[in-house]
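Structural features, examined
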Amino acid sequence: MISAIAWVPKGASKAEPAVAELPSKDEIEEMIMSGALDRSEDNGSEEEDEDMDAGAEKQSGEVAQALAVADALGKTSKSKSGTQLEDLTDGLKELDMEHYDEEDDGIELFSKGLGDLYYPSNDMDPYLKDEDDDDSDEIEDMTIRPMDAVIVCARNEDDVSHLEVWVYEDSDDGDSNMYVHHDIIISAFPLCTAWLDCPLRGGEKGNFVAVGSMEPSIEIWDLDIIDEVQPFVVLGGTVEKKTKKGKKKSKYKEGSHTGEVLGLAWNKEYRNILASASADKQVKVWDVAAGKCNITMEHHEGKVQAVAWNHHVPQVLLSGSFDRSVVMKDGRVPSHSGFKWSVTAEVECLAWDPHTEYSFVVSLEDGTVRGYDIRAAKSDPSSESKPSFTLHAHDKAACTLSYNPAAPNLLATGSMDKMVKLWDLSNNQPSCVASRNPKAGAVFSISFSQDSPFLLAIGGSKGKLEVWDTLSETAVSGKFGNYSQPNRPKT
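Scoring rules and cut-offs
- Sequence order sets the numbering: in each chain, residues are counted from 1 along the sequence as written.
- Local features are withheld for residues below a pLDDT of 70 in this predicted model, meaning they are given only at 70 or higher, and side-chain atom pairs are given and counted only at 80 or more; totals for whole chains, interfaces and linings count all residues.
- Excluding hydrogens and water, the side-chain values take into account all heavy atoms of the structure.
- Take a side-chain nitrogen of Lys or Arg and a carboxyl oxygen of Asp or Glu: if they are within 4 Å of each other, that pair is a salt bridge.
- Each residue is assigned to one of three classes by its accessible area relative to the maximum for its type, calculated with a 1.4 Å probe on protein chains only: buried under 20%, partly exposed between the two thresholds, exposed over 50%.
- The secondary structure listing takes helices from DSSP runs of H or I that are at least 4 residues long and strands from runs of E that are at least 2 residues long, numbered from the N terminus.
- Working rule for contacts: check all heavy atoms of both residues, and any pair within 4.5 Å makes them a contact.
- We call two strands paired when DSSP finds no fewer than two bridges between them.
- Simply put, an axis is a line fit to the C-alpha atoms, just over the touching stretch for a helix, and the angle between two N-to-C directions goes from 0 to 180 degrees.
- Positive charge is attributed to Lys and Arg, negative charge to Asp and Glu, and no charge count is given to His or to the chain ends.
- Whenever two N or O atoms come within 3.5 Å, that pair is a polar contact, provided that in protein one can donate a hydrogen and the other can accept it, and provided that, for residues adjacent in sequence, both atoms are side-chain atoms.
- Only residues above 30% relative accessible area that lack a salt bridge enter a patch, with like-charged residues linked at up to 9 Å and the nonpolar side chains Val, Leu, Ile, Met, Phe, Trp and Tyr linked at up to 5 Å.
- Methods summary: accessible areas were calculated by the Shrake-Rupley approach with a probe of 1.4 Å, and residue burial reflects only the protein chains presented.
- Where a charge lies is defined by one atom per residue type, namely NZ (Lys), CZ (Arg), CG (Asp) and CD (Glu).
- Only buried residues count toward a nonpolar core, which is a set of Ala, Val, Leu, Ile, Met, Phe, Trp, Tyr and Cys residues joined through side-chain atoms within 4.5 Å.

1. Details of the pattern of salt bridges
All chains considered together, the criterion is met by 9 salt bridges. As a salt-bridge pair, R155 and E164 come within 2.9 Å of each other at their nearest N and O atoms. By relative accessible area, R155 is classed as buried at 5%. For E164, a relative accessible area of 10% puts it in the buried group. Residues joined by salt bridges that share partners form a network here, namely R145, D148 and E169.

2. Concerning unusual backbone geometry
Of note in the backbone geometry, D227 takes a positive phi value of approximately 65° without being a glycine. Position of D227 among the secondary structure elements: in the loop between strand 9 (225-226) and strand 10 (233-235). One non-glycine residue with positive phi stands out, namely K281, at about 75°. Position of K281 relative to the elements: it lies in the loop between strand 14 (273-278) and strand 15 (283-287). Judged by relative accessible area, K281 falls into the partly exposed class, the value being 41%.

3. What to know about the side chain of S363
Relative to the helices and strands, S363 is located in strand 22 (residues 359-364). Residues in contact with S363, not counting those within four places in the same chain, are E346, V347, E348, C349, T368, V369, A398, C399, T400 and L401.

4. Remarks on the sheet that holds strand 22
The strand order across the open sheet built from 4 strands is 21-22-23-24, with neighbouring strands paired in antiparallel fashion. Two strands lie at the open edges of the sheet, namely strand 21 (347-352) and strand 24 (389-392), each paired on one side alone. Neighbour to neighbour, the strand axes of the sheet diverge by 15° on average, direction disregarded. Note that strand 22 and strand 23 (residues 368-373) share 5 bridges and pair antiparallel. Bridge pairing links S359 to D373 in strand 23.

5. Brief notes about the sheet that holds strand 17 (residues 304-309)
Taken in spatial order, the 4 strands of this open sheet run 17-18-19-20, and their pairing is antiparallel. One side of each edge strand has no neighbouring strand; the edge strands of this open sheet are strand 17 and strand 20 (339-342). Averaged over all neighbouring strand pairs, the angle between strand axes comes to 15°, with direction disregarded.

6. Overview of the side chain of K421
When you line up the elements, K421 lands in strand 27 (residues 420-424). No salt bridge is formed by the buried K421. Its closest oppositely charged neighbour is D417, at 5.1 Å. Within the structure, K421 has its side chain in polar contact with the backbone oxygen of A393 (distance 2.9 Å). Leaving out residues up to four positions away in the same chain, K421 has contacts with A393, H394, L411, A412, T413, C432, A434 and S435.

7. Brief notes about a positive patch on the surface
On the surface, a cluster of positive charge is made up of K396, K418, K439 and K462. Tracing the backbone shows K396 in the loop between strand 24 and strand 25 (400-403).

8. Structural notes on the nonpolar core
Most often, soluble globular proteins have nonpolar side chains that are buried together. Ranked by internal contacts, the top residues of the largest apolar core, which has 35 residues, are L163, I218, I220, L223, L235, L264 and L274. Not counting chain neighbours up to four residues away, the residues in contact with L163 comprise V152, C153, A154, H182, D183, I184, I186, V209, V211 and W221. Core analysis: the second largest hydrophobic core is formed by 19 residues, M328, L350, I374 and A377 among them.

This is the structure:
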């Protein structure tokens with residue numbers, strides 16, 4: 001299944017991402033000691049753990065390092081470690097690396113046949129031409145061009161959680177091509193993502209994705225590195241310490257969430273700032289560059305499902321909760337309790353209108369979508385602020401929504417009823433202009449592209465990424481076609 005989707009702006013990715021260096025033996029041992037390579041679930045008994053530790057001590061240094069590297073790359077599992085160890089040990093014995101430099105008498109290493117012919121240049125050698133062609137094709141596939149769109153999908157498949165980095169190639173003749181460029185194995189079931197360009201590695205901008213999961217930590221991954229086994233930054237989470245009796249005991253890091261991270265929002269104006277929503281009923285504001293939590297807010301009485309920064313006033317933050325409320329806090333007035341709106345069901349998703357600073361929408365578990373104007377908000381919690389509109393959008397939970405960044409009043413919604421719908425919100429009188437069953441199963445995440453604003457990425461329970469060119473719908477092109485010019489980066 002695909003649980004979350006994030007577009008990467010065109011031109012933000014490196015043309016040729018770097019390949020991560022495999023960790024050294026010392027680094028692997030440090031990861032093992034810190035628990036970074038531990039599985040999220042461990043059903044083994046203490047006796048089994050002791051047996052495994054005793055067996056590990058008997059392994060040679062080379063075997064231990066090879067196993068740890070393979071485990072870090074997600075190639076092994078505890079249940080098969082014994083068999084794989086035997087296979088690896090047999091393989092090393094067969095190679096007989098200790099006697100590698102000793103020549104065997106009577107063995108002719110090189111032939112005297114036609115293969116020894118000399119060619120004045122590599123271009124004339126038929127054995128090298130195909131290899132060069134394959135290398136050039138591989139380099140071309142791995143190159144991300146400035147005009148390529150990139151989509152990051154957070155997915156779980158066969159109990160393996162990972163991020164897939166897709167490249168979407170579009171052309172002027174209408175043909176498109178989409179493929180997985182690389183993937184990243186992550187430690188826990190992903191629930192939400194947020195792309196950010198905070199220059200954590202120096203320079204002017206970076207290319208990172210924040211991932212919230214079933215764990216209380218937030219992982220920040222560098223999308224410009226392939227085969228990476230550790231996140232660049234981890235916000236919060238737990239650390240394991242051994243007690244006097246030798247048992248491991250987990251402790252939350254300072255400022256950490258204590259529940260699943262359900263929602264994330266990056267602040268595009270203050271680029272080192274990330275907001276998070278959690279099942280622990282808290283909203284936190286993080287300084288990603290410093291790797292610490294700056295602000296913790298506890299204004300909800302239930303799990304906090306979603307957060308969103310205002311596009312025009314970046315100090316203003318919305319949060320929506322299972323307690324059937326939406327709260328707006330203004331960072332410029334930290335002492336103010338904020339403004340609160342009560343809704344009819346648990347909050348699934350919320351979003352600010354990118355075309356005005358005063359409006360936002362919230363989607364609910366009962367399938368409805370409500371729109372609000374903050375100018376009508378009342379500071380008295382006992383006073384109810386009425387919605388600008390109430391839309392019965394879906395038959396089941398409206399899990400996700402996305403405003404079109406170019407066309408005012410165009411909103412997309414996705415639902416557990418497997419449908420994606422496009423709405424015209426003009427004059428606060430919503431009307432459906434198009435609907436589609438993308439065959440993605442229950443729809444968990446949708447997102448319009450910032451660069452090609454009528455491309456809508458869709459992910460759901462079936463685990464298949466879909467991209468809908470909404471301008472192909474006659475009603476959409478008729479009403480909003482004049483906003484269709486894409487934002488193309490310089491090549």
